[in-house]
Amino acid sequence: MSTRATRPNFLILMPDQLRADALGAFGNPHAGTPHLDALAARGTRFSNAYVQHPVCSPSRASILTGWYPHTAGHRTLTHLLKDHEPNLLRILKDAGYHVTWAGMRGDTFAPGVTESSVDEYGFSTWPTRLYGGDYPDGVWSRLFYRGRVPDDGQIDPDEAAVRTAEQWLREPPRDRPWVLFVPLVAPHCPFQVEEPWFSRFDRGAVPDPAPPGDPSGEPRYLRAVREAHGLDEVTPEQWREVVATYYGMVSRLDDQIGRISRAVEQSGAADDTVTLFFADHGEYLGDHRVIEKWPSAMHDCITRDPLIISGAGLGEGGQECDAMVEMVDVLPTVLDLADVPAPHRHFGRSLLPLLRDPAAPHRELAFTEGGFTVDEEPQMERANFPYDLKSALQHQDPTLAGKAVAVRDQEWTYVWRLYEQPELYHWAKDPHERTNLAGRSEHADVERRLHDAVLRWLVETSDVIPADPDPRRPDVALPAPAAPARSWTIPAPTQGNPR
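Model, not experiment: these values are computed from the prediction. (Residues numbered from 1 in each chain as written. Predicted model: local features only at pLDDT ≥ 70, side-chain atom pairs only at ≥ 80, totals over all residues. Heavy atoms only, no water.)

Undergrad: I'd love a proper account of unusual backbone geometry, names of residues and values included.
TA: Residues Ala 186 and Pro 187 are joined by a peptide bond in cis, for which omega reads 0 degrees. Tracing the chain through its elements places Pro 187 in the loop between β6 (178-183) and β7 (191-193). Omega for the bond connecting Phe 385 with Pro 386 falls within 30 degrees of zero, at 5 degrees, which places this linkage in the cis form. Secondary-structure assignment places Pro 386 in the loop between β12 (366-370) and α11 (388-396). (Helix = DSSP H or I, 4+ residues; strand = E, 2+ residues; numbered from the N terminus.)

Following this line, the structure appears as structure tokens:
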């Protein structure tokens, strides 16, 4: 293991439901993200990084384990990481890192796992306001929109987490390397933000969402969601209002990230700290005329991640890497930088070579999965208002949330769905994935190649052999049938014993 001088600290910043294209560093000319853009300018941004699941908890579990969601069944909001399973935070803690979790957001660990994975957890500054409240009349509640909230001095959980991080960074550990993990809620809905961020964006200047494509080729849940929520009646002005409010939330997030970055600099630890910024998934934000997310959503706006890695002399700064990257690659990257071996088999590939040379070879394909089988309907989410209609759809017709797998390369996206037709998008020319080309003879070779890649991926990653072997014939401390009480020890196998 490396000496203290060569083991960096890690600042891990993870907002929720953040689209990659909501950041200036990822090409948005309307964005107000100067601090995140500066972070990218000091490091590497990955323009083709994809999450492995479109919903928060399964995606986080995948990031922290390096496993795909199906590998160990982490496919729901309530099947979280157990104590016997590996996770990045505990691996680093066991390797001598001081691990601090600022705030309480995460929905990641089952009971007891936080205690075994981190040294400190929670708030030093406590929230005084949560995310409840009324919605405006009309369709606004089905858009998850509240708009401007009062700047009344109340502290929401994100602000409390940021203040906690700032306070912690005034006296970080000096005797060993540290990890500061800051998972945040914004810009997850409800779409609401206070001034000055609410009015920061001109409603007439923000872009209109991408319209739906050919209805005969789109997944069925899109129409079902539109009809259940009345979204076909939403006006362009209403959509732009939601988009502008979302951008305001992202701008507030950016200001908070800037404060944490300044606190790292003021602590004197900047030269020894690697910052990783990424989300757990994206947000429809009106694209395809829907809002929020869906358990089997595979569109780019949901699955592309704004991954930035910066600091500690990694690369020349301001690098863009367009290699296909999966978020399972985060775990081996951090462990590689920390010179800590992974105690388990995982499916990630270290990004360290790309940090040194963005043109280095990496992956050809990136996979995302989601959804359920019909038999799993009882385990699907049951939610209250305003998620009630979305939840009800999944139980009324579970095939709408049927299992799906997407595979992407530098040019194409292929989606295989368990209960409906496949999808093929030439995303290099159709970036919003609106025109389904599956079944067209001129693209048959592409479709067959990517379909075969899905099958191979599922077989190769269907499970992992546990790291610790069990004895094939353990001693059993039980009485034999119809015999005096005694224990039996089976002789060790010799040549010729049955296998």
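On we go.
Undergrad: Kindly report on the nonpolar core, identifying the contributing residues and their values.
TA: Residues Leu 18, Leu 23, Leu 143, Leu 180, Val 182, Phe 191 and Phe 277 are the most contacted members of the largest nonpolar core, which totals 75 residues. For this core, the leading source of residues is helix α7 (residues 236-267), giving 13 residues. Once you skip the residues sitting within four places of it in the chain, Phe 277 turns out to touch Leu 13, Pro 15, Leu 18, Leu 23, Leu 36, Leu 39, Leu 253, Ile 257, Pro 306, Leu 307 and Ile 308. Counting 47 residues, the second largest nonpolar core, distinct from the first, contains Ala 49, Val 99, Leu 276 and Ala 360. (Core = buried A, V, L, I, M, F, W, Y, C linked by side-chain atoms within 4.5 Å. Buried < 20%, exposed > 50% of the residue type's maximum accessible area, 1.4 Å probe, protein only. Contact = heavy atoms within 4.5 Å.)

Undergrad: Could you give an account of a nonpolar patch on the surface, with specific residues and numbers?
TA: Where nonpolar side chains cluster on the molecular surface, the patch consists of Val 374, Trp 416, Leu 418 and Tyr 419 and spans about 310 Å² of accessible area. Tracing the backbone through its elements, the reader meets Leu 418 in the loop between β14 (413-417) and β15 (423-425). (Patch = residues over 30% accessible without salt bridge, like charges linked within 9 Å, V, L, I, M, F, W, Y side chains within 5 Å. Areas by Shrake-Rupley, 256 points an atom, 1.4 Å probe, with all protein chains shown as cover. Salt bridge = Lys/Arg side-chain N within 4 Å of Asp/Glu carboxyl O.)

Undergrad: Outline helix α5 (residues 157-169), supporting the account with residue identities and numerical values.
TA: Between its first and last C-alpha atoms α5 spans 18 Å; for 13 residues at 1.5 Å apiece the expected length is 18 Å, and the two agree. Within α5, 11 of the 13 residues are buried, which leaves the element mostly enclosed by the surrounding structure. Those residues of α5 that sit buried are Pro 157, Asp 158, Glu 159, Ala 160, Ala 161, Val 162, Thr 164, Ala 165, Glu 166, Trp 168 and Leu 169. Capping the start of α5 is the job of one residue whose side-chain oxygen sits 3.2 Å from the backbone nitrogen of Asp 158: Asp 156. (Expected span 1.5 Å × (residues − 1). Polar contact = N/O pair within 3.5 Å; in protein donor to acceptor, adjacent residues only side chain to side chain.)

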